[in-house]
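# A closer look at the structure
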Amino acid sequence: MPETIAPAVPPTPPVPLQALLAREDLALRQIAGPADPGIVIHWAHTSEMADPYPYLLGGELLLTAGVHIPEAAGSGTYFEDYVSRIVAAGGAALGFGLAPVHDTVPRALVAACERYGLPLLEVPPQTTFSGVARAVWQLMAQARLAELRRVTEAQQSLAAAASRPDPVPSVLRRLAQRLGGRAVLYGPDGTEVAAAGPQTPEAARTALAQLAGVVRPAPPAPADPGRPHPATAPGPTTAPAGPAARPRPASTAPATRPHPASAPGPAAPPAGPQGRPRPSSTAPLAPAPAASPTATAGAASPTAGRPHPTSATDTCGPTHLAVYALGAGAGFVLGVAASRRDPGDHTIASVAAVLLSLLTGEHQSAAGAARSSALVRLLLGAPPEQVAPLLGNAQWLVVHARPEAQAPDAVAASALGAALGSPLVDLADDVVRVLVPADREPAPQSGWTLGVSAAAGPAQWPAADTQAARALARARATRTPLVRHAARPALADLVPAADADTHARTLLAPLAGQAALAETLRTWLSLHGSWDRTAVALGVHRNTVRQRIARCAALLAADLDDPDVRMELWFALRRT
């Protein structure tokens with residue numbers, strides 16, 4: 001049996017052969033060959049040539065009325081040769097039309113198709129070949145429309161996932177659901193940063209991680225005084241060169257397997273009648289074969305002058321693997337492992353890769369350099385007043401934020417900072433702190449609770465940090481998405497600051513050294529004496545709040561139900 005080649009299929013969805021057989025208006029009947037539901041056709045073609053091989057690209061439903069069949073064909077090898085050539089050309093199925101040339105399908109043709117595994121369809125006299133071709137294109141258009149609808153819905157759901165408080169895990173979960181597999185985000189060092197979807201076998205996980213290394217940019221090799229410059233150094237002597245003395249890749253990643261449609265294939269495809277070679281199979285985007293393990297490190301890259309691959313595919317048993325490089329050389333890689341690969345999967349995964357690139361990308365700009373310089377100067381002892389001009393604004397807001405559902409992670413914190421318009425983000429425990437320019441008014445963020453300070457200069461940043469923390473506590477207690485620190489003139493503005501501070505220290509002296517009592521009293525007064533909301537804001541039990549307030553009343557010898565007492569204490573607490 002001759003070897004087959006992979007069809008040079010068009011960029012259109014294939015049509016299952018079973019779907020064409022199910023069309024009642026065609027009345028097609030399969031009389032030979034496998035009844036595999038996985039058999040698909042990419043187009044319909046009519047030919048009465050005795051050898052249609054030179055005119056086929058592969059994947060066709062070849063239609064014939066048997067005009068080319070000689071009278072003595074049944075006693076020789078004509079049908080064997082005819083069917084073998086169709087199979088060698090990659091034909092998907094053969095349709096034989098009844099009348100006016102033949103009343104029945106030749107038995108020798110049926111036997112040949114059965115022997116070579118080529119589906120043979122009987123086309124009744126009332127069905128025209130044009131009608132069959134039109135049905136193929138109709139089914140193809142329906143499949144294309146369904147694919148576009150699937151891709152559009154996936155794009156919308158991925159975009160919605162990227163806007164959630166936990167954007168990276170959400171995008172990975174949605175991608176895994178859409179592709180019916182597992183989605184993994186690898187960091188620049190090759191470790192799994194996040195993953196979603198059902199777990200895959202160990203062999204597939206290992207193969208996916210190795211495949212990710214193919215698209216991850218390699219770090220620059222350290223300079224070696226004893227080694228010639230890569231541009232002039234000879235290639236490694238331990239790795240054989242390819243054709244035309246071209247060096248083989250020095251990658252340690254495993255070689256990707258050939259596409260199932262082309263394996264195993266002959267070294268050279270069979271030639272046509274005129275000696276014309278058949279077109280080679282179209283394999284999915286995959287990395288170049290790996291070099292010999294003995295290739296030395298630091299040798300000249302064989303891919304010099306060629307762009308680094310941004311995606312690659314492979315298979316590990318029944319599992320289909322695909323990887324996508326994120327960003328512009330940052331080193332993050334998206335990996336996908338699924339039991340099948342449907343039309344549109346590549347587009348869906350590419351959309352997810354773009355979104356993840358935005359979520360994981362680092363801003364390499366002049367502003368980023370200025371922020372780095374500001375950090376270095378602070379670490380070396382410069383006061384904030386001298387560093388602040390590097391950040392570009394004189395007045396800033398401090399924002400404290402907590403997610404509503406889960407503890408924040410670094411990526412979610414970065415996404416929040418981007419939404420608020422500032423890259424100055426700090427993830428501390430369960431609170432995210434963001435330093436926002438005062439000319440950018442923070443807005444409520446879906447999935448987050450925010451507390452915003454008053455505008456402050458560098459000298460007042462610590463006080464603004466305290467204001468934001470208190471505003472966040474009040475926002476959580478009142479279940480308000482965003483609470484701002486009150487900035488309007490207050491009673492304290494009518495009293496000299498020195499006198500106000502002295503009065504506050506004297507009044508609150510019994511609580512000195514007992515920060516928990518003072519903070520509980522401040523929160524309780526700010527929430528109008530609500531036990532439940534104070535407990536929520538402080539993260540303690542309501543009975544603990546009652547005990548602490550009772551202790552404050554005893555130490556201060558004050559009636560905390562008296563509004564005048566509450567006002568005076570609130571005035572004093574505002575000064576501390």
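Bear in mind that the values here come from a model prediction, so they are computed numbers and not experimental data.

Before going further, it helps to spend a moment on the overall build of the chain. Looking only at helices and strands, the chain features 16 helices and 17 strands. Evaluated residue by residue, the chain yields a buried proportion of 40% over its 576 residues. Sequence-distant contacts, at least 24 apart, represent 68% of the contacts inside the chain between residues at least 6 apart. Of the roughly 29800 Å² of accessible surface on the chain, 57% is carried by carbon and sulfur atoms.

Moving on: the side chain of threonine 520. Note on placement: threonine 520 falls in helix H13 (residues 515-526). Under the relative-accessibility criterion, threonine 520 is labelled buried at 1%. Those residues in contact with threonine 520, other than ones at most four positions away along the chain, are Thr534, Leu538, Val545, Arg548 and Ile549.

A separate point is the packing of helix H4 (residues 129-162) against helix H5 (residues 167-179). It is at 8 Å that the axes of H4 and H5 come closest, and there the two elements cross at 160°. Classified by the angle between their axes, H4 and H5 sit roughly antiparallel to one another. Of the two possible hands of crossing, H4 and H5 adopt the one that is right-handed. Between H4 and H5, the contacting residues are Arg150, Glu153, Ala154, Ser157, Leu158, Ala161 and Ala162 on the first element and Pro167, Ser170, Val171, Arg174, Leu175, Arg178 and Leu179 on the second. Among the residues making up the contact of H4 with H5, the classes are represented as eight nonpolar, two polar and four charged.

Formed by 30 residues in total, the largest nonpolar core has its most connected members in Leu158, Val168, Val171, Leu172, Leu175, Leu334 and Leu356. Put simply, the parts of the chain that give this core at least two residues each are H4, H5, strand S8 (181-186), strand S9 (192-196), strand S11 (319-325), strand S12 (333-338) and helix H7 (345-360). The next biggest cluster of nonpolar side chains, apart from the first, holds 24 residues, and it includes Ala32, Leu94, Leu109 and Cys113.

This brings us to the confidence of the model for the chain. With 78% of its residues at a pLDDT of 70 or more, the chain has an overall mean of 79. Between residues 362-366, whose pLDDT stays under 50, and residues either more than four places distant or in other chains, the model counts two contacts.

A cis amide bond links alanine 99 with the next residue in sequence, proline 100, at an omega value of 5°. Take proline 100: it is sitting in the loop between strand S6 (93-97) and helix H3 (107-116). Not every positive phi belongs to a glycine, and alanine 99 is a case in point at roughly 60°. By the element assignment, alanine 99 lies in the loop between S6 and H3.

A separate point is a nonpolar patch on the surface. On the surface, Leu375, Val376, Leu379 and Leu380 cluster together into a nonpolar patch covering about 450 Å² of accessible area. Tracing the sequence through the fold places valine 376 in helix H8 (residues 366-379).

A separate point is the packing of aromatic side chains. The final tally for this structure, using the stated rule, is three aromatic pairs. Summarising the aromatic geometry, the rings of tyrosine 78 and tyrosine 82 are spaced 6.3 Å apart at their centres and angled 5° between planes, so their arrangement reads as stacked. Highlighted residues: tyrosine 78 and tyrosine 82, both in helix H2 (residues 78-88), separated by four residues, approximately one helical turn. In this structure tyrosine 82 comes out as buried when scored by relative accessible area, which is 3%. Each ring, one from tryptophan 524 and one from tryptophan 531, has its centre 5.4 Å from the other, and the planes form 35°; the classification is tilted. The partly exposed category is assigned to tryptophan 531, whose relative accessible area is 22%. Chaining the aromatic ring pairs together yields one cluster made of Tyr78, Phe79 and Tyr82. The aromatic ring of tyrosine 53 is capped on one face by arginine 85, whose charged end is 4.1 Å from the ring centroid.

Their axes nearest at 9 Å, the elements H13 and helix H15 (residues 542-556) cross at an angle of 105°. In terms of their interaxial angle, H13 and H15 are classed as roughly perpendicular. When H13 is examined against H15, the residues Ala516, Leu517, Thr520, Leu521 and Trp524 are found in contact with a partner set consisting of Val545, Arg548, Ile549, Arg551, Cys552, Leu555 and Leu556. Residues belonging to the contact of H13 with H15 are distributed by class as follows: nine nonpolar, one polar and two charged.

To continue, consider the pattern of salt bridges. Side chains that differ in sign of charge can pair as their charged atoms come close. Per the counting criterion, the structure on display carries 15 salt bridges. The salt bridge partner of arginine 433 is aspartate 465, with a shortest N-O separation of 3.2 Å. Placement of arginine 433 in strand S15 (residues 431-437) and of aspartate 465 in helix H11 (residues 461-477) is noted, with a sequence separation of 32 residues between them. Of the residues examined, arginine 433 reaches a relative accessible area of 32% and is grouped as partly exposed. Among the salt bridges present, the one from arginine 566 reaches aspartate 561, with a minimum N-O distance of 3.9 Å. Here the salt bridges do not stand alone but share partners, grouping Asp426, Arg433 and Asp465 into one network.

About the criteria used
- Residue positions are given per chain, counting from 1 as you read along its sequence in written order.
- Confidence filtering applies because this is a predicted model: local features only for residues at pLDDT of at least 70, side-chain atom pairs given and counted only at 80 or more, and all residues used for totals across whole chains, interfaces and linings.
- With hydrogens and water stripped out, all remaining heavy atoms of the structure feed into the side-chain values.
- Put simply, DSSP marks the helices as runs of H or I at least four residues long and the strands as runs of E at least two long, and each gets a number from the N terminus on.
- Only protein chains enter the accessibility calculation, which uses a 1.4 Å probe; a residue whose area is less than 20% of its type maximum is buried, one above 50% is exposed, and one in between is partly exposed.
- Throughout, a contact is declared for two residues whenever any of their heavy atoms are within 4.5 Å.
- Surface accessibility in these figures is a Shrake-Rupley result with a 1.4 Å probe; residues are shielded only by whichever protein chains are displayed.
- The angle between two axes is taken between their N-to-C directions and runs from 0 to 180 degrees, where each axis is a line fitted to C-alpha atoms and a helix contributes only its stretch in contact.
- Any angle that falls under 35 degrees is termed roughly parallel, while one over 145 is termed roughly antiparallel, one within 65 to 115 roughly perpendicular, and all others oblique.
- For any pair of crossing helices, the crossing counts as left-handed if the nearer helix is rotated counterclockwise from the farther one by less than a right angle, and right-handed if it is rotated clockwise.
- Ten residue types, Ala, Val, Leu, Ile, Met, Phe, Trp, Tyr, Cys and Pro, are classed as nonpolar, four, Asp, Glu, Lys and Arg, as charged, and the remainder, Gly among them, as polar.
- Take the buried residues of types Ala, Val, Leu, Ile, Met, Phe, Trp, Tyr and Cys, join any two whose side-chain atoms come within 4.5 Å, and each joined set is a nonpolar core.
- The predictor attaches a confidence to each residue, called pLDDT, with possible values from 0 through 100.
- What makes a patch is a set of residues exposed beyond 30% relative accessible area and free of salt bridges, joined within 9 Å when like-charged and within 5 Å when nonpolar (Val, Leu, Ile, Met, Phe, Trp, Tyr).
- Throughout this description, the term salt bridge denotes a Lys or Arg side-chain nitrogen within 4 Å of a carboxyl oxygen of Asp or Glu.
- Ring pairs are drawn from Phe, Tyr and Trp, using the six-membered ring of Trp, whenever the two centres fall within 6.5 Å, and their geometry is named by plane angle: stacked under 30 degrees, edge-to-face over 60, tilted for the rest.
- A positively charged side chain is recorded as over a ring if its NZ (Lys) or CZ (Arg) lies within 6 Å of the ring centre. The angle to the ring normal must also be within 35 degrees.

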